[in-house]
Structure formats: structure tokens, C-alpha cells
Amino acid sequence: MTKRIPNLQVALDHSDLQGAIKAAVAVGHEVDIIEAGTVCLLQVGSELVEVLRSLFPDKIIVADTKCADAGGTVAKNNAVRGADWMTCICCATIPTMEAALKAITAERGDRGEIQIELYGDWTFEQAQLWLDAGISQAIYHQSRDALLAGETWGEKDLNKVKKLIDMGFRVSVTGGLDVDTLKLFEGVDVFTFIAGRGITEAADPAGAARAFKDEIKRIWG
């Protein structure tokens, strides 16, 4: 048995503010964490974060910036609009990550955190440096492009997730997740499951979110 029930996070993977807000209103009260998606942030900036914070004052809001540089500035700009957490790409330098962490905690206090987005080539030696810098959240991906190329979740992914957890990370997983794939992670202490279109593009988005939550509780409850 694992120690806790994983969170459910919805990713607002939209290209326009109106679409992202419509999806947020439909499912925001059914999930634990709401993510301002990368594409929409690139289109409209941290205004998306501000609107989400006004709609959901008590929810954790994530700015999925995948920040690679200017960590302090990017983190502050999103934190002052209401972001609790912000993502940095794993290839960012340690000083960039440290600056981002300092800025977001200055604005959000203990609620503020940085998450490391794991893409491409990274090592567990690098991961130890992130922990040493005070960052204890990591997001393990199956990227959209990899999924489109036919890759699926497998034992190699689970082994990496487990090793990161053993190191001391709270690990979120994302990429092509649906209710049926959750059982692949049974027995793994996942921190958060992140789903985007599997929820927001469902015929009944709120119902889809509840189905995710019900299956998470069934497996980890």
C-alpha cells in the first residue's frame, strides 16, 4: 500500500484564453490542481494565471512555463498573478532554478514551489543537484510528440519514476493518460496525475474528471 492518494491536475492545453477558461470553469471544482498550460501562456501571458486565481482562490495554480532562463523574473511575474507552482525545464541551469524558487517563495511563502519538467536527456546525477537546490517536485513525461510517434508507457518509465521517488522527489506523471492507464501505476507513490485533453475534450468534462478521481481512489484509497 502506498502512503497517500495522488492528486488530480487538469492541464489547460489550449491556444486561446477563452477556451482555457471555459475548460477551467467546467472541471476546476472537480480537480485538486489547475495548470495554466504552456501554449496558452505563450499566447496570452500570465493573464491566464490571474484569471484562474480569481476563479479558484483556494486551488493550487500551476504556471507551466517550462522556464529555461531568467528564472527569478519569470517566477515573480507568475507568482504575483497568483501562481503557486511554476515549472522549469530540466536543462535549465541550477542558478536559474534556484532564482525561480527564491522568487516564487518570496511571493507565495511555503505554498510556492518549483517543479522540474523531465524532457529529453537527463540523469539521476542531475536530479540529485535539483534536490540539493531545494527542489523536490519532478514531472515525468511521455511527451505529446512521443505519443504521436507510437510510444507508450512501459516498465522503463515506471522504473525511472520509482527511482525518483526513492530519491525523495514528489513525482507527477503526465502524457496520454486516461482512466485505463492509471492501473499501470498501482503500487507507485505518484504525487499527481496530470491530464489534459483526456478530461477537457471529453463529452462530459466534469464527469471525466470524476471518473479519474474515482479510479485513483479505488487504486490508492
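Preceding block: the structure.
About the cut-offs
- Residues numbered from 1 in each chain as written.
- Predicted model: local features only at pLDDT ≥ 70, side-chain atom pairs only at ≥ 80, totals over all residues.
- Heavy atoms only, no water.
- Helix = DSSP H or I, 4+ residues; strand = E, 2+ residues; numbered from the N terminus.
- Rg over C-alpha atoms; globule rule 2.2 N^0.38 Å.
- Buried < 20%, exposed > 50% of the residue type's maximum accessible area, 1.4 Å probe, protein only.
- Contact = heavy atoms within 4.5 Å.
- Areas by Shrake-Rupley, 256 points an atom, 1.4 Å probe, with all protein chains shown as cover.
- Lys, Arg positive; Asp, Glu negative; His and termini not counted.
- Charge placed at Lys NZ, Arg CZ, Asp CG, Glu CD.
- Expected span 1.5 Å × (residues − 1).

### Observations concerning the overall build of the chain
For step 1, the next point in the chain: Scanning the chain for helices and strands turns up 10 helices and eight strands.
For step 2, the next point in the chain: Here the C-alpha atoms of the chain give a radius of gyration of 16 Å, agreeing with the 17 Å that 2.2 N^0.38 yields for 221 residues.
For step 3, the next point in the chain: Taken over the C-alpha atoms alone, the chain extends approximately 40 × 40 × 35 Å along its principal axes.
For step 4, the next point in the chain: When the 221 residues of the chain are sorted by exposure, 51% land in the buried category.
For step 5, the next point in the chain: Within the chain, residue pairs in contact and separated by at least 24 positions form 66% of the contacts whose partners lie at least 6 positions apart.
For step 6, the next point in the chain: Accessible surface computed for the chain: about 10100 Å², of which carbon and sulfur atoms make up 50%.
For step 7, the next point in the chain: Each charge sign in the chain was given a centre, from 23 positive and 32 negative side chains, and these centres are 3 Å apart.

### A word on helix H10 (residues 205–220)
For step 1, the next point in the chain: Helix length check: H10, at 16 residues, gives a terminal C-alpha distance of 22 Å against a target of 22 Å (1.5 Å per residue), a fit within 8%.
For step 2, the next point in the chain: Taken residue by residue, H10 has Pro205, Ala206, Ala208, Ala209, Phe212, Lys213, Glu215, Ile216, Ile219 and Trp220 as its buried positions.
For step 3, the next point in the chain: In this structure, the buried residues of H10 make contact with strand S1 (7–12), helix H1 (17–27), strand S8 (192–195) and helix H9 (197–200).

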